[in-house]
Amino acid sequence: MKKGYFGVFLAIILGLSLGLAACAETPKIVPPLPNTSAATPLITTASATATPAIAAPTLTTTPELQVIIPATATPDLPPTEPPPPTPVVAPTPTSEVARPVTVAQVPTSTPASVGNSTPARTIAPTLKTTAAPVAPTATAVPKPTFTIGPTTVNSPPYTGALSEVGRGRTGKKQVALTLDAGAGAQPFPKMLSALSLAGVRITFFLTGQWAQQNPGYVQQIVAAGHEVANHTWSHPDLTTISNEAIRDEVGKAETILSRISGRSTKPLWRAPYGSRDNRVLQVLNEMGYRSIMWTIDSLDSVGEPKSAQFLIDRITKQTNAQLDGEIILMHIGNATTAEALPAILKNLKERGFQIVTVSELLS
């Protein structure tokens, strides 16, 4: 009996010890004891359960640190991440501040200059007033040189019956070829022959001295049906001499030319070098003469000697509208003019132009 009770007693004690052992493990988790050897397994079990609790605060603090760091580093150093270059950022804002200052100054000065355009406006009238006196000066220039284009546009404003002309009537497809004589005469026979072969008549503006030296040529001109006009006696610049000297120059030429040719040169007269002014024109008008200028100068007596081809091209390369009513200026004393004349006459005739005298062109 006692042995049986003792066995039961041992069983109860064992059961209680096991129960106490089981119950003792649970409370040991709450206050973990670092010194106990049994705490080692308990820590492993506790760490397994406590890990999420510790991880939670770590996760909450970690994003806060990540948010703060990029927020301060991004504006200062976008491309580079190292925080030490923070002092380098100091000069950067300083230079950026300087740029808007200069930019602000530029627009400020720009409208100021635009708004203060008063000096520009004062300059404009100043230029106009400066140009105004130039106009009368140009009008008073005694030596207008005409090379191409109607001279009537630039001729002095004379409203008399003998007003100056530089182009004839248009619409009739006529051209007046004129030859001036004041120097040499050697090319003349070749020129007269070309005119005869082409069957045309033109106007010769002759000086009295040239006629005195070549009276036979003057007679041949008249015999061939050409027209003789006055080109003064000695080919002076009439704007530089007195009224009396002008009358003497033109009167002496008229005397010898009319004596050789048997007819008067009036009213056709051409100023030497094309140099004339209102005073000269008035004197000549009083003498019964009309100034005959030209529409185009062949340039055969201007500058360097011109080739025959140059003269041909200068005349024939014009359009029909340009040629219509033209007065063409050429010179007897130029050898290449004599060479170019046959080709010029041929071209004009083939294009249907009549080559006439100045009087015919103005009629």
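As a starting point, this report considers the structure included with it. (Residues numbered from 1 in each chain as written. Predicted model: local features only at pLDDT ≥ 70, side-chain atom pairs only at ≥ 80, totals over all residues. Heavy atoms only, no water.)

A few points about the overall build of the chain
Stage number 1. The number of helices and strands found in the chain is 13 helices and eight strands.
Stage number 2. The burial tally for the chain puts 34% of its 363 residues in the buried class. (Helix = DSSP H or I, 4+ residues; strand = E, 2+ residues; numbered from the N terminus. Buried < 20%, exposed > 50% of the residue type's maximum accessible area, 1.4 Å probe, protein only.)

Considering the nonpolar core
Stage number 1. Grouped together as the largest cluster of nonpolar side chains are 42 residues, with contacts concentrated most on Leu177, Phe204, Leu206 and Ile332.
Stage number 2. Excluding residues that lie within four positions of it along the chain, Ile332 makes contacts with Leu179, Asp180, Ala181, Gly184, Ala185, Pro187, Phe188, Met191, Phe204, Leu206 and Trp210.
Stage number 3. Counting 13 residues, the second largest nonpolar core, distinct from the first, contains Val165, Leu268, Ile292 and Leu329. (Core = buried A, V, L, I, M, F, W, Y, C linked by side-chain atoms within 4.5 Å. Contact = heavy atoms within 4.5 Å.)

Thoughts on the environment of Val356
Stage number 1. The topology assignment puts Val356 in strand β8 (residues 354-356).
Stage number 2. Residue class for Val356 comes out buried when judged on its relative accessible area of 8%.
Stage number 3. On a C-alpha basis, the gap between Val356 and Thr203 in space is 8.1 Å, while along the polypeptide they are 153 residues apart.

Considerations on the packing of aromatic side chains
Stage number 1. According to the stated counting rule, one finds four aromatic pairs in the structure shown.
Stage number 2. Aromatic pair Phe188 and Trp210: ring centres 6.1 Å apart, planes at 65°, arrangement edge-to-face. In this pair, Phe188 is assigned in helix α5 (residues 188-198) and Trp210 in helix α6 (residues 208-213), connecting sequence segments 22 residues apart. Each member of the pair, Phe188 together with Trp210, is buried.
Stage number 3. Each ring, one from Trp210 and one from Tyr217, has its centre 6.2 Å from the other, and the planes form 35°; the classification is tilted. (Phe/Tyr/Trp six-rings, centres within 6.5 Å; stacked < 30°, edge-to-face > 60°.)

Regarding the environment of Val200
Stage number 1. Its location among the elements puts Val200 in the loop between α5 and β2 (203-206).
Stage number 2. Residue classification places Val200 among the buried positions, given a relative accessible area of 8%.
Stage number 3. Here the alpha-carbon distance between Val200 and Val356, two residues 156 residues apart in the chain, equals 6.9 Å.
Stage number 4. Sequence-distant contacts of Val200, defined by excluding residues within four places in its chain, comprise Leu195, His226, Leu345, Lys349 and Ile355.

With respect to unusual backbone geometry
Stage number 1. Here the residue pair Lys266 and Pro267 is connected by a cis peptide bond, since its omega of 5° sits within 30 degrees of zero.
Stage number 2. Within the fold, Pro267 resides in the loop between α8 (243-261) and β4 (268-269).
Stage number 3. One non-glycine residue with positive phi stands out, namely Lys173, at about 55°.
Stage number 4. As for its placement among the helices and strands, Lys173 is situated in the loop between α4 (118-140) and β1 (174-181).
Stage number 5. The class for Lys173 is partly exposed, based on a relative accessible area of 30%.
Stage number 6. Even without a glycine there, the phi angle at Leu299 is positive, about 65°.

Describing the packing of α8 against helix α9 (residues 278-286)
Stage number 1. Remark: α8 packs on α9, axes separated minimally by 10 Å, with the N-to-C direction vectors making an angle of 50°. In terms of orientation, α8 and α9 fall into the oblique class. The two elements α8 and α9 meet at a crossing, and its hand is right-handed. Touching Asn243, Ile246, Arg247 and Val250 of α8 are Arg279, Val280, Val283, Leu284 and Glu286, all from α9.
Stage number 2. Considered class by class, the residues forming the contact of α8 with α9 number five nonpolar, one polar and three charged. (Axes fitted to C-alpha atoms, helices over the stretch in contact; angles between N-to-C directions. Parallel < 35°, antiparallel > 145°, perpendicular 65-115°, else oblique. Left-handed = near helix turned anticlockwise from the far one by under 90°. Nonpolar A, V, L, I, M, F, W, Y, C, P; charged D, E, K, R; others polar.)

Some points on a nonpolar patch on the surface
Stage number 1. Together, Phe9, Leu10, Ile12, Ile13 and Leu16 make up a nonpolar patch on the protein surface, roughly 470 Å² of accessible area in all.
Stage number 2. For Leu16, the position within the fold is in helix α1 (residues 2-29). (Patch = residues over 30% accessible without salt bridge, like charges linked within 9 Å, V, L, I, M, F, W, Y side chains within 5 Å. Areas by Shrake-Rupley, 256 points an atom, 1.4 Å probe, with all protein chains shown as cover. Salt bridge = Lys/Arg side-chain N within 4 Å of Asp/Glu carboxyl O.)

Comments concerning the pairing of β1
Stage number 1. With respect to burial, β1 is a largely interior element, eight of its eight residues being buried.
Stage number 2. Where β1 and β8 come together, three bridges link them in parallel fashion. By the bridge assignment, Ala176 is partnered in β8 with Val356.
Stage number 3. As paired elements, β1 and strand β7 (residues 327-331) share five bridges and run parallel to each other. If you follow Leu179 over to β7, its bridge partner there is Met330.
Stage number 4. The sheet contact formed by β1 and β2 spans four bridges and is parallel. (Pairing = 2+ DSSP bridges.)

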